[in-house]
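# Analysis of the macromolecular model
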Amino acid sequence: MLDNLRQDFINKTTQLVVVNRELEVVDSDNNLFDISKNSDITDFHPFFFALTTIFDEELQEETFFCVQMEVLGKHYFIDIKTYIGEDGDTLVLILNDLTDHYKTVHQIKQVRNESIINFNISQELNQQLEIQRSFKNKFLANVSHEIRTPLNSIVGFISVLENTEISREQLDVLHIIKDSSKNLVTILDDLMDISKIEAGKLDIKKRRFDFREFVEKLAKTYQIRTDDKRLSFDFELSSKIPRFLVGDHLRINQVIVNLLENALKYTHQGGIKFSVTTSSVNARRIPVTFEVTDTGIGIPKEKLDSIFDSFTQLEKRGLFGGSGLGLSIVKQLTDLLESDLEVKSVEGEGSTFSFTVFMGVSHNQKKEKVVKKKRDKKDLKGAKRPRILLGEDVEVNQLLMMRLFADYGAYSLDIAKNGERVVEYLDRFPYDLVILDLTMPVMDGLDAAVQIRNSSNKKVSKLPIIALTARTSQEEQDAAKEAGMNAYLTKPIDADLLFSTIERLLSRYKRKDKVLEISEEEE
């Protein structure tokens, strides 16, 4: 009896669908919806266009909660679970119809929210503190966006100038401006990382990387920096440490760079020592100790506890520049790395900062040969160039993109000043790819992407979309993915990454476009 009831329940609420990498339906039990074999799953609903990212990122298991769908005039709320098949070329979709559940939850939430509002009257102080924290995070996000927007133009046009005929002296000046711009981006990243850590949204991502190359590059960079200040620089790397380790090298790099920058800033004579050692030869997991020692001004005993506070500096008389964020972000990142940051300092003699991170030893210690492709200006005389539509409202960014595309030479670029114009252009002219800024007047990039995906014109609804924005939060990236965007690039623009992303997306959708043209001709 239970088996019959269970089977009856599954038949009424669950549907299994299998699709391939081209998003063609391989099989479907059609318990809920009529989805034909060999059809394109995106024809059933544009949401499924986002499934391409699961193959790209090789996500073995993913769940999309509360996906809203309208089928034959009826609204559904569906949970969708995905599993990559054993062959790696198919994707199993489990569609759970939870419409009644979500409607009930919505009603319960309404009642609960009313209770919470009444309760919060007696919790005014906590509410005010939460509002202040929320305001700070939003303020930092907005400041980051507003600074990154003009910074995008600065960095972009520096790259353009570097490829023109200029003197050595002018090139040196450009490099100074570029380094200063990178420092500003670092400060913005530190601000956002502190905000993420406080909100519990910054994760440690462990990956295999060439550890020895990583620390050697850092050492070479600061060897040059110390030479410029006429300081000595000693570097020690233990031979016991394997070449390839598994860890979050981006966060480790952030910690080391901040420590070396502080040492460089507060040291005027003598030198700096950077050592990387291990006390173990374990074959699977080893402790790696990073130590930065300087002969700088040192830290008074009474200030040792306060140096890790945000916006705190040792000198208040304007002798040293900086945001006062360095050691604060270092302390919070070492905590995330499950490490203790140790400090030894004598005022007037110098300081030593050290921390130990446990990292995995990669079973593969072979270095792969990587052939770096040089981005040359394309010469496509007589060839049909793919048409790109850019949605961007800032004129200086429009000018920058025009120059980058003109120098690259492979694509034809049209520009629309807001999302509404983007949709109008797509109705009137054929395009191969769309690039959208998320923050535009009249209609923003997210709304424009949703309209594109919901277009009745299949050629428009299937166009690849790239988000190109100064907003860097994970929430914005998730929103872009939910709107059906295929890639998310942040400003300042990395031209090489931009054009490689365009080429990748165009090559992926070229075949599907041909299939669509054939089917339309047959009709």
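A brief look at the structure comes next. (Residues numbered from 1 in each chain as written. Predicted model: local features only at pLDDT ≥ 70, side-chain atom pairs only at ≥ 80, totals over all residues. Heavy atoms only, no water.)

A surface patch of nonpolar side chains, amounting to about 230 Å² of accessible area, comprises Ile154, Val173 and Ile177. With respect to the helices and strands, the residue Ile177 is situated in helix 6 (residues 168–198). Given the relative accessible area of 37%, Ile177 is considered partly exposed. (Patch = residues over 30% accessible without salt bridge, like charges linked within 9 Å, V, L, I, M, F, W, Y side chains within 5 Å. Areas by Shrake-Rupley, 256 points an atom, 1.4 Å probe, with all protein chains shown as cover. Salt bridge = Lys/Arg side-chain N within 4 Å of Asp/Glu carboxyl O. Helix = DSSP H or I, 4+ residues; strand = E, 2+ residues; numbered from the N terminus. Buried < 20%, exposed > 50% of the residue type's maximum accessible area, 1.4 Å probe, protein only.)

For the rest of this paragraph, the subject is the packing of aromatic side chains. What the rule picks out here adds up to 18 aromatic pairs. An angle of 45° between the planes, with centres 5.4 Å apart, marks the rings of Phe33 and Phe44 as tilted. Here Phe33, found in the loop between strand 2 (25–28) and helix 2 (41–44), pairs with Phe44, found in helix 2; they are 11 residues apart in sequence, far enough to count as distant. Look at Phe209 and Phe214: their rings are 5.6 Å apart centre to centre, the planes differ by 90°, and that puts the pair in the edge-to-face class. Joined through ring pairs, the aromatic side chains of Phe33, Phe44, Phe47, Phe48, Phe64 and Tyr76 make up one cluster. (Phe/Tyr/Trp six-rings, centres within 6.5 Å; stacked < 30°, edge-to-face > 60°.)

Along any regular strand the residues' side chains alternate between the sheet's two faces. Summarising the sheet, strand 3 (residues 61–71) and strand 4 (residues 74–84) pair through nine bridges and their orientation is antiparallel. Across the sheet, Phe64 pairs through a bridge with Ile80, a residue of strand 4. Counting the residues in the hairpin turn of strand 3 and strand 4 gives two residues, including Leu72, whose phi is positive at 50°. (Pairing = 2+ DSSP bridges.)

This part is about the sheet that holds strand 5 (residues 90–97). Across the sheet, five strands lie side by side as 2-1-5-4-3; this open sheet has antiparallel pairing. Since the sheet does not close on itself, it has two edges, and those belong to strand 2 and strand 3, each with one partner. When strand polarity is set aside, the average angle formed by the axes of neighbouring strands in this sheet is 25°. Of the strands in this sheet, strand 3, strand 4 and strand 5 are in contact with helix 4 (residues 99–120), which crosses strand 4 at around 110°. (Axes fitted to C-alpha atoms, helices over the stretch in contact; angles between N-to-C directions. Contact = heavy atoms within 4.5 Å.)

Just geometry here; none of it tells us what the structure is for.
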